[in-house]
Amino acid sequence: MDYFYKKSKIGYITIFEENKKIVKLKFGKIKSNYNFTLTLLIKKTFEELDEYFERKRKTFDIPINPEGTPFQKKVWEELTKIPYGTYQTYKDIALKINNENASRAVGNANNKNPILIIIPCHRVIGSNKKLKGYKEGIDIQEKLLNIEQAL
């Protein structure tokens, strides 16, 4: 596995690649025992993120392979369908995966999302339309939603 970190418009981001797919994207300067290498795919991912931060990109063209349970993957797949510049509630996502009582489980799946921004868990908010529960902090969630002009 390869990884690399660099500073972005909203702070350091660390990206992990394995088998020509992005497997993790985390906020912060994360140290690892893996190969600290700026691969072509990691470089392309940073380029697309820069375009996203500059409001020049609304979708990502990056091959991903998030590791998780079947339920988590189902939730994450649904998150990728939330259009740029919009948001949905945990309940909305629960209904879309045909499990109307799974709002809390959707929140837990969001919390385990290994590929932030590209799998846009920041676009999921509380039923009262308030930001809550974003694992990287409400301030980061608000920054991302402001970039997308969703608030």
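Scroll up to find the structure.
Below, the structure is looked at part by part. (Residues numbered from 1 in each chain as written. Predicted model: local features only at pLDDT ≥ 70, side-chain atom pairs only at ≥ 80, totals over all residues. Heavy atoms only, no water.)

**Description of the sheet that holds strand β1 (residues 2-8)**
For sheets, the rule is that strands pair by backbone hydrogen bonds, running either parallel or antiparallel.
Then comes step 1: Across the sheet, which stays open at both edges, the four strands sit in the order β3-β2-β1-β4 with mixed pairing between neighbours. Whereas interior strands pair on both sides, the edge strands pair on one side only; in this sheet they are β3 (21-27) and β4 (35-36).
Then comes step 2: Both β1 and strand β2 (residues 11-18) contribute to a ladder of seven bridges, which runs antiparallel. Note that in β2 the partner of K7 across the bridge is Y12.
Then comes step 3: Along the sheet, helix α1 (residues 40-53) makes contact with β1, β2 and β3, crossing β2 at roughly 140 degrees. (Pairing = 2+ DSSP bridges. Helix = DSSP H or I, 4+ residues; strand = E, 2+ residues; numbered from the N terminus. Contact = heavy atoms within 4.5 Å. Axes fitted to C-alpha atoms, helices over the stretch in contact; angles between N-to-C directions.)

**Comments concerning the pattern of salt bridges**
Then comes step 1: Taken as a whole and assessed by the stated rule, the structure comprises eight salt bridges.
Then comes step 2: For E47, the salt bridge is made with K43, and the minimal N-O distance between the two is 3.7 Å. Taken together, the residues span about one helical turn, with E47 and K43 both in helix α1 at a distance of four residues.
Then comes step 3: Exposure remark for E47: the relative accessible area of 39% places this residue in the partly exposed category.
Then comes step 4: In this structure K43 comes out as partly exposed when scored by relative accessible area, which is 40%.
Then comes step 5: Between E48 and R57 there is a salt bridge, with the nearest N and O atoms lying 3.6 Å from each other. For the pair E48 and R57, a shared accessibility class is recorded, and that class is buried. (Salt bridge = Lys/Arg side-chain N within 4 Å of Asp/Glu carboxyl O. Buried < 20%, exposed > 50% of the residue type's maximum accessible area, 1.4 Å probe, protein only.)

**Digging into helix α2 (residues 70-79)**
Then comes step 1: Those residues of α2 that fall on the buried side of the exposure criterion are Q72, V75, W76, E78 and L79. Summarising the axial view, the buried residues of α2 lie within an arc of 160 degrees, below the 170-degree limit, and thus occupy one face.
Then comes step 2: Where α2 is buried, its residues contact α3 (90-96), α4 (103-111) and β6 (124-125). (Arc of directions from axis to C-beta.)

**Comments concerning the packing of aromatic side chains**
Then comes step 1: Evaluated as defined, the whole model comprises nine aromatic pairs.
Then comes step 2: An angle of 15 degrees between the planes, with centres 5.4 Å apart, marks the rings of Y3 and F16 as stacked. Separated by 13 residues along the polypeptide, Y3 in strand β1 and F16 in strand β2 bring together distant segments of the chain. The exposure classification of Y3 matches that of F16, with both residues buried.
Then comes step 3: Residues Y52 and F53 carry aromatic rings whose centres are separated by 5.6 Å and whose planes lie at 65 degrees to one another, so their mutual orientation is edge-to-face.
Then comes step 4: What makes Y52 buried here is its relative accessible area of 0%.
Then comes step 5: Ring pairs connect the aromatic residues Y3, F4, Y5, Y12, F16, Y34 and F36, which therefore count as one cluster.
Then comes step 6: The ring of F16 carries K24 above its face, with NZ or CZ at 5.2 Å from the centroid. (Phe/Tyr/Trp six-rings, centres within 6.5 Å; stacked < 30°, edge-to-face > 60°. Lys NZ or Arg CZ within 6 Å of the ring centre and 35° of its normal.)

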